Each structure stands twice: as C-alpha cells, then as structure tokens.
Amino acid sequence: MISKKAKYALKALKVLAEQYGKGPVLISYIAEKEKIPKKFLEAILLDLRNNGVLQSQKGKGGGYLLRMSPAEVNFSKVLRIIDGPIAPVLCVSMFFYGKCDDCKDEETCSLRSVLERWRDANLAVLDKTTLNDLLQAENASTSDLLSRL
C-alpha cells in the first residue's frame, strides 16, 4: 500500500496539473480542495520541490506550480520521492539497493527472483501512469483511480 502522504501528494499534484500553465497555486487552495491538512501538505510540496517536480514562487501571487508538463510526471517518480523504494525488498530495488542480511547468495535466492517480477509488474504500471492519466480519470472518477492505488 502507498502511504497517506503519497496519496496526498498525488491529490495535490492533480490540482497543480489542472492549473498547469495558469500560474502558481496557493497551498491553502490545494489543502481546502483536497481536504489535506495544510502543515502536512507544506512538507509534501517541499519534498516535491526539492526533488525537481515543483517550483515555488514567493510573495503576492505566489504558490506552487509544476516544473514540467503533467505528461512528464509519472507515478513512480512521485512514489519514490514520498515513500522511497517501490520494490518490496531492498535487494531488488533499482535505486535504493541494499544487500539482504538473511540471504547467503542473491543469485540463487528463489524469493528474490519472484520479488523482482513483482517489482517489474508494478513499475510497468507506475512508470506509464502520469498526472495526465489522473486528469483524464477525473472525468470518469478520480476517487476510483486513487482507491485502486
């Protein structure tokens, strides 16, 4: 399961995708529209800004905006920023690899090969799903899409 923080990040990014090209969006607007606690949202948006997904503008008319088009922001990038590794165990992680303490030989570990396939199946969906998909689902039913995550 993804964390509540990741779910809030995706909801906030949906709002920013809806406003893409229209200028900065206030944190208070996003928080109210998506029912996200403002302080929690501030931390989420800061993480996304520090990792190159968002940019911020200070002062009157300031707020947050996407740094790239909604079609360029995929779910795997967001989930890695917010929740860390997507892989079920570190020994099959693509970006956060770590050796298993309880495995004497990764090459012959039958569990590892199954978990690699699990990771690859998830990534096949997450790498191809973008904020544009989330916007398109808005017309059908955004809550249905997010409940499937």
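Residues numbered from 1 in each chain as written. Predicted model: local features only at pLDDT ≥ 70, side-chain atom pairs only at ≥ 80, totals over all residues. Heavy atoms only, no water.

### Concerning the overall build of the protein chain
Along its length, the protein chain carries 6 helices and 2 strands. The order of helices and strands in the protein chain, counted from the N terminus, is α-α-α-β-β-α-α-α. Each principal axis of the C-alpha distribution contributes one length, and for the protein chain these read about 60 × 35 × 25 Å. Taken across its 149 residues, the protein chain has 41% of its residues classed as buried. When contacts within the protein chain are restricted to residue pairs at least 6 apart in sequence, long-range pairs at least 24 apart make up 60% of them. Here the protein chain displays about 8,800 Å² of accessible surface, and carbon together with sulfur accounts for 52% of that area. With 23 positive and 18 negative side-chain charges, the protein chain shows a separation of 7 Å between the mean positions of the two kinds. (Helix = DSSP H or I, 4+ residues; strand = E, 2+ residues; numbered from the N terminus. Buried < 20%, exposed > 50% of the residue type's maximum accessible area, 1.4 Å probe, protein only. Contact = heavy atoms within 4.5 Å. Areas by Shrake-Rupley, 256 points an atom, 1.4 Å probe, with all protein chains shown as cover. Lys, Arg positive; Asp, Glu negative; His and termini not counted. Charge placed at Lys NZ, Arg CZ, Asp CG, Glu CD.)

### Comments concerning the pairing of strand E2 (residues 63–66)
Here E2 shows a buried face lined by Gly 63 and Leu 65 and a second buried face lined by Tyr 64 and Leu 66. Alignment of strand E1 (residues 54–57) against E2, held across 4 bridges, turns out to be antiparallel. Considered in E2, the bridge of Gln 57 is made with Gly 63. A loop of 5 residues connects E1 with E2, the two strands running antiparallel in sequence, and Gly 59 in this loop sits at a positive phi of about 85 degrees. (Pairing = 2+ DSSP bridges.)

### Some thoughts on the pattern of salt bridges
Inspection of every chain in the model, using the stated rule, returns 8 salt bridges. A salt bridge links Lys 33 to Glu 18; the shortest N-O distance between them is 3.3 Å. Of this pair, Lys 33 sits in helix H2 (residues 27–34) while Glu 18 sits in helix H1 (residues 4–18), and the two are 15 residues apart along the sequence. A salt bridge links Glu 106 to Arg 112; the shortest N-O distance between them is 3.7 Å. One exposure class covers both Glu 106 and Arg 112, and it is buried. Members of the salt-bridge network, linked through shared partners, are Lys 14, Glu 18, Lys 33 and Glu 34. (Salt bridge = Lys/Arg side-chain N within 4 Å of Asp/Glu carboxyl O.)

### With respect to helix H3 (residues 38–50)
Between its terminal C-alpha atoms H3 stretches 18 Å, which fits the 18 Å expected from 13 residues at 1.5 Å a residue. Buried residues in H3 make contact with H1, H2, E1, E2 and helix H4 (75–83). Where H3 ends, the next residue or the one after it, Gly 52, has phi of about 85 degrees, a positive value. (Expected span 1.5 Å × (residues − 1).)

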